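# Tertiary structure, described
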Amino acid sequence: MSKLLCRTWVGMCSVIMIAEPSAPSQEPPRSIEKRLDDVRRAYLDVAQSVYDGLNAFHGRGPVFDELTWKIQRAEADYTNAKLEREFSELELRIYDESTYPLERAVAAGSVKLATANLERIRGSIADQKNYLERSRKQTTNTLTEDLILQGAEVILREEERRRPVAEAELARETSRLDRLEKVLGPRRRAEVLAKKDEALGKELQKQSEWMAAKNDLQARISVARSLATEDEWGSRLANLDGVAIQLAEVGKKLRSFDDAKRIPTEQEARDIEDRIETSASRIRNVRRSLEVSRLRQLTAILSRFSSGPIAAQTATSPPSPIVGLLGDEGAEVRLDGARQSLIRACASILDRLEQIEGRVWDIPSQELAIRAAEACYKAAANRLAQAREVQKEYVETFFVRERTEALTAVAMAESTLKGSQEDLVRASAAMDRARRTATTSLPDADALRRFEIALKFARHGVQKSELELEHARNELDVLDNQGRPVREKELAADVERAISREISQRQTLTIEREKLAISKRPQTSAGLTAIEKASLRDLLGSIRDEAEIRGRIATTQSNDKPRDANVFREIESAIAALELKARGAERAITEPQFLEMARKLAELEKPTRTIAPRRGAPRPGRELFDKLRSISPEDRATLKSGTEEKKREILKKAGFTDEELEEMRGLREQPKR
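Since this is a predicted model, take the numbers as computed values, not measurements. (Residues numbered from 1 in each chain as written. Predicted model: local features only at pLDDT ≥ 70, side-chain atom pairs only at ≥ 80, totals over all residues. Heavy atoms only, no water.)

### With respect to the overall build of the chain
- When you go through the chain residue by residue, the secondary structure sums to 16 helices and zero strands.
- Looking at the chain alone, contacts between residues at least 24 apart form 86% of all its contacts between residues at least 6 apart.
- In the form shown here, the chain has an accessible surface area of approximately 39400 Å², with 54% of it arising from carbon and sulfur atoms. (Helix = DSSP H or I, 4+ residues; strand = E, 2+ residues; numbered from the N terminus. Contact = heavy atoms within 4.5 Å. Areas by Shrake-Rupley, 256 points an atom, 1.4 Å probe, with all protein chains shown as cover.)

### Notes on the packing of helix H4 (residues 143-227) against helix H9 (residues 363-437)
- Two elements in contact, H4 and H9, have axes whose closest approach is 10 Å; the angle formed by their N-to-C orientations is 170°. As judged from the angle between their axes, H4 and H9 are roughly antiparallel.
- Looking at the contact of H4 with H9 residue by residue, the class counts come to 24 nonpolar, 14 polar and 19 charged. (Axes fitted to C-alpha atoms, helices over the stretch in contact; angles between N-to-C directions. Parallel < 35°, antiparallel > 145°, perpendicular 65-115°, else oblique. Nonpolar A, V, L, I, M, F, W, Y, C, P; charged D, E, K, R; others polar.)

### Considering helix H3 (residues 62-138)
- Given a rise of 1.5 Å per residue, 77 residues ought to cover 114 Å, and the 109 Å separating the end C-alpha atoms of H3 matches this to within 8%.
- The largest bend along H3 measures about 50° and falls at tyrosine 95. (Expected span 1.5 Å × (residues − 1). Bend = angle between axes of the 7 residues up to and from the residue.)

### Comments concerning the environment of serine 348
- Mapped onto the secondary structure, serine 348 falls in helix H8 (residues 329-357).
- Look at serine 348 and you get buried, because its relative accessible area is 14%.
- C-alpha of serine 348 to C-alpha of glutamine 593: the two residues are 245 residues apart in sequence and 9.0 Å apart in space. (Buried < 20%, exposed > 50% of the residue type's maximum accessible area, 1.4 Å probe, protein only.)

### Some words on the packing of H3 against H4
- Viewed as axis vectors pointing N to C, H3 and H4 meet at an angle of 170°, and their least axial separation amounts to 7 Å. Classified by the interaxial angle, the pair formed by H3 and H4 is roughly antiparallel.
- Considered class by class, the residues forming the contact of H3 with H4 number 37 nonpolar, eleven polar and 34 charged.

### Points about the side chain of glutamate 159
- Position of glutamate 159 among the secondary structure elements: in helix H4.
- Apart from residues lying up to four places away in sequence, glutamate 159 is in contact with Ile121, Ser124 and Ile125.

### Describing the packing of aromatic side chains
- For the structure shown, the criterion picks out two aromatic pairs.
- Ring centres of tyrosine 78 and tryptophan 210 lie 5.4 Å apart, and the angle between their planes is 20°; on these two criteria the pair is classed as stacked. One end of the pair, tyrosine 78, is in helix H3; the other, tryptophan 210, is in helix H4, and 132 residues separate them in sequence.
- Residue class for tryptophan 210 comes out buried when judged on its relative accessible area of 17%. (Phe/Tyr/Trp six-rings, centres within 6.5 Å; stacked < 30°, edge-to-face > 60°.)

### Focus: the nonpolar core
- If you look at the biggest cluster of nonpolar residues, it comprises 26 residues, and the most contacted ones within it are Tyr43, Val46, Val50, Trp233, Leu240, Ile272 and Ile276.
- Not counting residues within four places of it along the chain, the set of residues in contact with isoleucine 272 comprises Ile32, Val250, Lys253, Leu254 and Phe257.
- Counting 25 residues, the second largest nonpolar core, distinct from the first, contains Leu335, Ile553, Ile571 and Ile589. (Core = buried A, V, L, I, M, F, W, Y, C linked by side-chain atoms within 4.5 Å.)

### Some remarks on unusual backbone geometry
- For lysine 261, which is not a glycine, the phi torsion comes out positive at approximately 55°.
- Examined against the element boundaries, lysine 261 turns out to sit in the loop between helix H5 (230-260) and helix H6 (266-302).
- Given the relative accessible area of 54%, lysine 261 is considered exposed.

### Section: the environment of leucine 639
- Positionally, leucine 639 belongs in helix H14 (residues 633-641).
- Along the sequence, leucine 639 and isoleucine 650 sit eleven residues apart, while their C-alpha atoms lie 7.8 Å from each other.
- Setting aside its immediate chain neighbours within four residues, leucine 639 contacts Ile631, Lys647, Ile650 and Leu651.

### Here's the deal with a nonpolar patch on the surface
- A cluster of nonpolar residues, Phe87, Leu90 and Ile94, forms a patch on the protein surface that exposes about 270 Å² of accessible area.
- Tracing the sequence through the fold places phenylalanine 87 in helix H3. (Patch = residues over 30% accessible without salt bridge, like charges linked within 9 Å, V, L, I, M, F, W, Y side chains within 5 Å. Salt bridge = Lys/Arg side-chain N within 4 Å of Asp/Glu carboxyl O.)

### Some words on the pattern of salt bridges
- Taken as a whole and assessed by the stated rule, the structure comprises 46 salt bridges.
- Here lysine 253 makes a salt bridge to aspartate 271, at a shortest N to O gap of 3.7 Å. Here lysine 253 is found in helix H5, whereas its partner aspartate 271 is found in helix H6, with 18 residues between them in sequence.
- Connected through shared salt-bridge partners, Arg157, Glu158, Arg161, Glu422, Asp423 and Arg426 make up one network.

### Details of the confidence of the model for the chain
- Averaged over every residue, the pLDDT of the chain is 77; residues scoring 70 or more account for 80%.
- Within the chain, no element has a lower average pLDDT than helix H7 (residues 310-315), which sits at 39, and none a higher one than H3, at 88.
- Overall, residues 1-28 carries pLDDT values under 50, and its contacts beyond four positions in sequence, including any with other chains, amount to 54 contacts.
- In this model residues 308-325 is a low-confidence stretch, pLDDT under 50, and it forms 44 contacts with partners more than four residues away in sequence or in other chains. (pLDDT = per-residue confidence, 0-100.)

### Digging into the side chain of serine 420
- Tracing the sequence through the fold places serine 420 in helix H9.
- Polar side-chain contacts of serine 420 include one of 2.8 Å to the side chain of serine 465.
- Residue contacts for serine 420: discarding those within four places in its chain leaves Arg161, Ala458, Gly461, Val462 and Ser465. (Polar contact = N/O pair within 3.5 Å; in protein donor to acceptor, adjacent residues only side chain to side chain.)

### So, helix H12 (residues 565-604)
- Look at H12: 57 Å from first C-alpha to last across 40 residues, which is about the 58 Å you get at 1.5 Å a residue.
- The sharpest bend along H12 measures roughly 30° and falls at threonine 590, with the proline proline 592 sitting one to four residues further on.

Structure representation (structure tokens):
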């Protein structure tokens with residue numbers, strides 16, 4: 001078949017090349033050239049249709065190449081999404097097996113260190129108290145001994161100040177461990193799990209797109225193959241191949257006449273005309289074959305929307321004709337015209353049904369899309385729950401804990417400042433006593449110097465405690481006036497974003513489920529009006545009549561009996577009746593579209609014109625359009641599917657008179673007559 005295709009296009013190219021004359025001195029008759037040009041154009045049109053159809057039959061051509069690239073891109077996206085999902089699963093496993101145990105071990109270690117530090121401070125306080133008690137019993141009240149006792153008392157007071165800090169640190173670390181086990185750990189795991197669900201949803205979505213692209217390619221190939229079988233395509237190619245050869249020979253012969261500078265004789269002209277007419281007849285037969293195949297395809301689609309035995313009757317129509325029909329050009333043209341009217345009517349009503357029924361999606365890929373939407377919706381719901389939990393926990397727990405810690409820090413800083421001031425008072429008193437009792441000996445001079453150093457350290461301690469208290473109060477003020485409002489706004493924004501995403505994913509899931517329901521429900525014509533349903537039945541009946549006429553023609557031509565004039569008159573009468581029915585069906589289907597388009601154009605008209613209409617000039621139809629435009633959208637929808645009484649009530653409400661209503665009813669009933 002590929003060889004036949006190549007030969008056909010080579011022949012067509014040769015026809016085009018030979019058809020270019022080289023300025024002969026005497027031209028052949030203009031009628032032959034004009035007829036040859038007409039046949040060439042018809043050949044090109046039909047050959048292009050056969051070429052496109054055969055390429056579609058084998059899945060070749062730019063459209064199928066684009067679909068193939070789309071499938072490859074979708075497969076690559078699906079592979080990447082699958083890797084992302086596997087990585088998210090690995091991340092979840094790493095968190096369960098490594099990250100969380102490590103974080104808990106670190107938090108537990110911090111609790112143990114805080115406990116050990118507190119125990120050390122308590123032991124140091126007990127040891128220092130025992131040391132002071134023994135030292136006071138053994139002192140001789142010398143200046144050096146007073147200095148030693150004062151240093152021991154300072155160490156004891158420092159350790160006693162560290163004890164509440166260590167206790168607060170232990171409580172803080174214990175709280176962190178508890179929060180990690182009960183709040184942070186589960187929350188972080190939920191975040192990783194939500195990320196895994198999102199990756200799963202993305203993977204399923206990409207898989208759905210990949211499957212939809214593959215199914216789209218297979219559906220296009222199936223539609224192309226439903227037009228005709230491989231044998232029918234081969235027969236069409238063979239006919240076009242013969243036509244190309246004949247037209248090439250005709251072109252070569254005309255070229256030879258130009259080269260010889262002579263006009264063909266009457267016999268030669270008659271032979272050329274016979275060849276051209278034979279080629280034209282074969283081209284018409286191929287075109288009829290294509291039209292019958294297209295009509296058969298449209299009938300199979302429309303039969304799903306109609307009840308009754310029409311589908312079974314039209315499905316058994318005879319194959320596409322390749323031979324001549326009646327030998328009567330007028331009857332053949334009328335039958336071709338009726339068939340073309342039926343094709344146009346089928347395409348129009350099919351568009352109308354698709355608008356009503358909606359697009360039918362591929363069920364397996366749509367089920368995958370639903371699973372993807374469910375996974376994304378689950379992840380969005382988890383994100384929303386986490387955002388609300390974080391917001392609630394911050395207001396009820398985390399902020400309270402932060403403020404309590406800040407207040408504790410202020411209280412501890414105040415206590416430390418008070419202790420530092422007491423140490424300064426004691427150091428000053430000790431310095432005064434040392435100056436009164438000091439002698440000129442070297443040990444007393446060294447002790448006096450140490451008392452001075454202790455006094456300086458006490459003064460520095462007071463300054464440090466004052467700065468620490470100021471810092472703690474500033475942190476508390478920032479937390480109350482800035483930290484809490486800013487953090488609450490951030491958490492509220494996170495909640496709003498999570499709500500928006502959850503609503504979006506819920507709507508997406510609902511839409512995908514509706515798509516699946518549309519794909520699974522049986523296709524009916526329930527959305528059509530009564531006139532459209534009757535037109536659909538009449539249309540399918542006309543298609544059946546056309547198939548019966550072709551069957552009678554094929555039966556008549558297969559007999560070896562001489563031509564029966566009565567039979568052919570009956571066939572011609574049937575063709576004439578079919579022509580009327582086909583035109584009536586096309587008119588009945590396209591008239592509502594005509595009225596709808598006129599209404600849309602009237603709605604687009606601006607209320608004011610740059611050029612005022614001439615006074616008194618007639619404006620036919622403008623009043624009707626203005627009245628139609630005043631009808632509300634809800635009433636317009638009722639006009640399409642409501643009862644006659646309801647339609648009349650709406651039109652009367654819009655200002656239509658009884659005469660106008662009768663005129664409109666006559667227009668609607670005109671196809672029936």
